Amino acid sequence: MNDVLARLGLSDLNPGAWNGAAIADGYDGEITSENPATGEALARVQLATRAQYEAVVKEAERAFREWRMLPAPKRGELVRQMAEAFRAKKEDLGALVSLEVGKIRAEGQGEVQETIDIADYAVGLSRQLYGLSMHSERSSHRMYEQWHPLGLVSVITAFNFPNAVWAWNAMIAAVCGDAVVWKPSLKAPLTAIATHRACEEVLAKNGWSGLFGLVIGRDADVGETMIRDPRFPLVSATGSTRMGRHVGRVVADRLGRSLLELGGNNAIIVEPSADLGLALRGILFGAVGTAGQRCTTTRRLFLHRSIAADFTARLVAAWKQVRIGDPLAEGTLVGPLIDAGAVAGFEHAVAAAVAQGGEVLVGGQRVDRPGHFVQPTIIRARPEMPICKEETFAPILYVFEYSELGEAIAAQNDVAQGLSSAIFTDSFRSAETFLSAAGSDCGIANVNIGTSGAEIGGAFGGEKETGGGREAGSDSWKAYMRRQTCTLNWGRDLPLAQGISFDV
Ligand code: NAD
């Protein structure tokens, strides 16, 4: 057993249903979590049964009834302790993220830092769950709105942020007074168990349990049961658009709320006035970071015709220097894709791009070594090629030329997804055009910063097929609470609104 796993309390065979302690009551088969950099088995996980799912949800319901009555700042104090627990475990948890999903060391650590940041943010938020007060049109009346805990929140997470995406939801939901049940990706179950246990230790020390449930189970069974379960007024699901379309429909059918964070097809526009050194670094990080497996990965690049040839040559030279290899080794910039299916998806996209008229400028091949490695790839293409409109979860950057900014913005927007976008320019007018109502149609629009690496203080999410959800900062917390409008009459009359008289 790997030392990191052992220090995080993982064993060779781990239960898949948790609510505080493991719920050991049978299991529905088991899966093996593998290191995508080597193909080696890390540990096994037993898949949860429906009976275990039921036990986890029941326990979350029980915990919610008490938790919702704890003053929000006191809930924040427990979340503060969770932030401390994550600080103490950052090194090991970050290494586990690297081992299980192949992120390079800095990105694994960075993911846990995001969890710490959102927990810190939630602590402050626990004293700022404000409602508005309004002036009543009736005398001796007071009208205001307050925010109450929503209930049980189910959180479904993608493989590529196996720690932070849960925390984005759970830390905010916890200070809002909700209980959370988590169904993680079967591609990253160990990170989920270690993350759950880190929080549970804090809860137990404070005499709490049941607030965070974890069920690791099959989509067709536990997943489907969860999204149909009316005990969850909110389903927060992060993953592919295909998954989100299905989850959104099912939850809407029972008139529940869904918060969907789905696929992106993010673009950067580079203007002739841009600081090209800055642009190069932003594009490199955005396109090859996390081996192209971020929802905010830069997948499309619009270069102004006047700079395209020289700048493309600089990009190709930079791509050739990127070190691919063991994610935990010093100097590695690109680790593996998550699994063999992802490598097949990469190869399919490269072949489709070539068949549709694209030209591979660098990369395009799988790497001949154990694990699931591919070469970061640049393809000269046209924006209207069908493959450029799809999200391929791999390090492929399609490069286009444009003449007018309006043409580039229109082409950037002409995809089904609407997550992140950026422009590199020193022109004030171009920047404001890009940010205007007629500019980028994405949830995130940046100037002189790439498409990936969002800060938790802003609301995170995207439009169109990205699902419309917002998580993390700003007023995203409102998704995890229910709004109540209250009117108090402290007079001796009963005036009706709109001047209606109803005398007897
Ligand atoms: P995926 O859609 O294959 O799986 C995501 C999650 O959905 C997993 O936990 C999976 O088990 C679950 N799921 C699938 N079918 C389900 C069902 N019927 N019922 C309940 N749960 C179900 O996605 P993935 O491959 O893990 O992640 C990559 C995708 O996630 C990419 O499209 C990426 O852009 C997207 N993503 C988006 C964001 C964002 O914030 N917008 C963040 C990270 C990843």
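Residues numbered from 1 in each chain as written. Predicted model: local features only at pLDDT ≥ 70, side-chain atom pairs only at ≥ 80, totals over all residues. Heavy atoms only, no water.

> Please give an account of the pattern of salt bridges that cites residues and values.
Oppositely charged side chains can pair when the atoms bearing their charge come close. Following the criterion strictly, the structure yields 29 salt bridges and no others. With its nearest N and O atoms 2.8 Å apart, the salt bridge here joins R7 to D92. Separated by 85 residues along the polypeptide, R7 in helix α1 (residues 3-7) and D92 in helix α3 (residues 72-101) bring together distant segments of the chain. Taking relative accessible area as the criterion, D92 reaches 15% and is therefore assigned buried. Overlapping salt bridges bring together E54, K58, E61, D229 and R231 as one network. (Salt bridge = Lys/Arg side-chain N within 4 Å of Asp/Glu carboxyl O. Helix = DSSP H or I, 4+ residues; strand = E, 2+ residues; numbered from the N terminus. Buried < 20%, exposed > 50% of the residue type's maximum accessible area, 1.4 Å probe, protein only.)

> Explain the domain arrangement of the protein chain to me, using residue names and the numbers behind them.
Often, the extent of an interface is quoted as the loss of accessible area on bringing the components together. One can read the domain layout of the protein chain as domain 1 (2-262 + 467-484) and domain 2 (266-447). The straight-line distance from the C-alpha centre of domain 1 to that of domain 2 is 31 Å. Listed as interface residues are 20 residues of domain 1 and, on the opposing side, 23 residues of domain 2. Across the interface of domain 1 and domain 2, roughly 1700 Å² is buried in total on both sides, 61% from carbon and sulfur atoms. At the junction of domain 1 with domain 2, the criterion picks out one salt bridge. K187 is the salt-bridge partner of D339, the closest N and O atoms lying 3.6 Å from each other. Applying the counting criterion to the domain 1 and domain 2 interface returns four residue pairs in polar contact (both at pLDDT 80 or more). Breaking the side of domain 1 that touches domain 2 down by element, the ones donating at least two residues are α3 and α4 (105-125). Counting residues per element, the side of domain 1 that touches domain 2 draws most heavily on α3, which supplies five residues. Split into classes, the residues belonging to the side of domain 1 that touches domain 2 amount to nine nonpolar, five polar and six charged. (Domains from an automatic or database assignment. Contact = heavy atoms within 4.5 Å. Buried area = accessible area lost by both parts, 1.4 Å probe. Polar contact = N/O pair within 3.5 Å; in protein donor to acceptor, adjacent residues only side chain to side chain. Nonpolar A, V, L, I, M, F, W, Y, C, P; charged D, E, K, R; others polar.)

> Describe a nonpolar patch on the surface, and please don't skip the residues or the numbers.
Together, L494, L496, I500 and F502 line one region of the surface with nonpolar side chains, adding up to about 470 Å² of accessible area. Mapped onto the secondary structure, I500 falls in the segment after β24 (481-489). (Patch = residues over 30% accessible without salt bridge, like charges linked within 9 Å, V, L, I, M, F, W, Y side chains within 5 Å. Areas by Shrake-Rupley, 256 points an atom, 1.4 Å probe, with all protein chains shown as cover.)

> Help me get a handle on the nonpolar core, residues and values and all.
One finds W166, M171 and F212 to be the most contacted residues of the largest nonpolar core, which totals 97 residues. With 12 residues, helix α5 (residues 164-176) is the single largest residue contributor to this core. V374, A394, F400 and I409 belong to the second-largest nonpolar core, a separate cluster that totals 59 residues. (Core = buried A, V, L, I, M, F, W, Y, C linked by side-chain atoms within 4.5 Å.)

> Describe the pairing of strand β9 (residues 179-183), with residues and values.
Side-chain positions along a regular strand alternate between the two faces of the sheet. When you tally the buried positions in β9, you get five out of five residues, the bulk of the element. On β9, burial covers both faces: A179, V181 and K183 on one face and V180 and W182 on the other are all buried. Sheet topology places β9 next to strand β10 (residues 212-215); three bridges connect them, and they run parallel. When the sheet's bridge partners are listed, W182 is paired in β10 with L214. Between the parallel pair β9 and β10, the chain is carried across by helix α6 (residues 189-205), and the sense of this crossover is right-handed. (Pairing = 2+ DSSP bridges. Right-handed = clockwise from strand over helix to strand, strands pointing away.)

> Would you mind going over unusual backbone geometry in detail, with residue names and values included?
For A291, which is not glycine, the phi torsion reads 50° and is therefore positive. As for its placement among the helices and strands, A291 is situated in the loop between α9 (276-288) and β14 (298-304). At Q498, a residue that is not glycine, the phi angle is positive and equals roughly 60°. As for its position among the elements, Q498 is in the segment after β24. Residue Q498 is classed as exposed on the basis of its relative accessible area, which comes to 64%.

> Outline the packing of helix α12 (residues 405-413) against helix α13 (residues 428-435), supporting the account with residue identities and numerical values.
Direction vectors running N to C along α12 and α13 enclose 30°, while the axes themselves pass 11 Å from each other. Here α12 is positioned roughly parallel relative to α13, judged by the angle of their axes. Viewed along their axes, α12 and α13 form a crossing whose handedness is right-handed. In contact with L405, I409 and Q412 of α12, α13 contributes S430, T433 and F434. The class makeup of the residues in the contact of α12 with α13 is three nonpolar, three polar and no charged. (Axes fitted to C-alpha atoms, helices over the stretch in contact; angles between N-to-C directions. Parallel < 35°, antiparallel > 145°, perpendicular 65-115°, else oblique. Left-handed = near helix turned anticlockwise from the far one by under 90°.)

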